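# Structural description and commentary
Take a look at the letters that make up each chain.
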Amino acid sequence: MLTTIIRMDEPEDERIEEAAEIIKNGGLVAFPTETVYGLGANGLNADAAMKIYSAKGRPSDNPLIIHISNLDMLEDLVKEVPKVAKKLIEEFWPGPMTLIFKKSDIVPSQTTGGLDTVAVRFPKHPIAQALIEKAGVGIAAPSANLSGRPSPTCGFHVIEDMNGRIDMIIDGGKIEMGLESTIIDVTGEVPTILRPGFITQEMLEDILDEVKTDGGLLKKPDKDFRPKAPGMKYRHYAPKAEFIMFRGESKKVEERILSEVQKNLGKKIGIMTVDEHMNYFENLEDVELISLGSISDEKKIASNIFDALRRFDSMDVEIIFGEAFSQENIGFAIMNRLTKAAGYNIIDV
């Protein structure tokens, strides 16, 4: 397949129209959102949804998120909008929040992974909004990467994974947040976080009477688990190299990583760290060293995770050693992504 690649910082009417026609005709368009790049198709077209799974190599029981550009679109997709959902929508939409509702009959099971619920998000990014509005339909859009790989946070990442597999890529440059949306299930009595993100549990507790977090977010699911939201079951965000994380007091973690480097001499090694700990490792020879940013800037760290993992891939490292983070606030989302990227390979020291 010949993929059209266009560079766009702001919506351009003619190009948005071209992309919207692809969506209307059942094709696939990758586009930027404020979280990560999405791989879009008509969310109400079962055949188009199946093309997403094929292009990504994604398991078909992994549900897709439908992106909307106005609240009238939401009414068509869901059976009801609970009061708690209305409160969340008023506070956080448009933005990096996905809500799970009971789906209406017009949403095909191919989009929802066979579930009777549907995940919906109203993105804030102007290109995403313009594309959805012009297409006139909710756009199903998981992250625009090959299944299992780190999510794409710049146009180059999308081109690397999707060139020749889809109809169009809209390259909007580097993404602001670089971490997928918070997913909240509002179908039960108590709203439940199914995927953490920039909208944290602490933020939700400020406006809701009660909110809980799914107990399995940092645990490896069994093979029979049926995911209710993207990213809950399968290995995600994984680099090509083996990835091991170490958790504990920082000095002990650094000492353990240095010890592991010595044990693995002869292999090409990568170390993922933070600015404050770079001095522990900067004199090591034949080690690729990447800092995610300052430990005091959780947003910066979160936005750099996927790019760092892809950079290690480009360096052809064989093993990556990384440091675990606090699970408070955005740290919980950071550890959710890193835990999955490491295949739950976390060692306490």
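Residues numbered from 1 in each chain as written. Predicted model: local features only at pLDDT ≥ 70, side-chain atom pairs only at ≥ 80, totals over all residues. Heavy atoms only, no water.

### As for helix α12 (residues 330-341)
The end-to-end C-alpha separation of α12 is 17 Å, in line with the 16 Å expected for twelve residues at 1.5 Å each. Judged by how many residues are buried, α12 sits mostly within the fold: twelve of twelve residues are covered. Residues of α12 that are buried: I330, G331, F332, A333, I334, M335, N336, R337, L338, T339, K340 and A341. On its buried face, α12 sits against β10 (192-195), β11 (212-213), β12 (242-247), β13 (269-273), α11 (298-314) and β16 (346-348). Residue G343 follows α12 closely and has a positive phi angle near 60°. (Helix = DSSP H or I, 4+ residues; strand = E, 2+ residues; numbered from the N terminus. Expected span 1.5 Å × (residues − 1). Buried < 20%, exposed > 50% of the residue type's maximum accessible area, 1.4 Å probe, protein only. Contact = heavy atoms within 4.5 Å.)

### Describing the pattern of salt bridges
Under the counting rule described, the total for this entry stands at 15 salt bridges. Here R15 ties to E18 by a salt bridge, and the two come within 3.6 Å at their closest N and O atoms. With a gap of three residues between them, R15 and E18 both fall in helix α1 (residues 13-24), about one helical turn apart. Residue classification places E18 among the partly exposed residues on the basis of a relative accessible area of 34%. When the shortest N-O distance is used, the salt bridge between E160 and R149 registers 3.7 Å. (Salt bridge = Lys/Arg side-chain N within 4 Å of Asp/Glu carboxyl O.)

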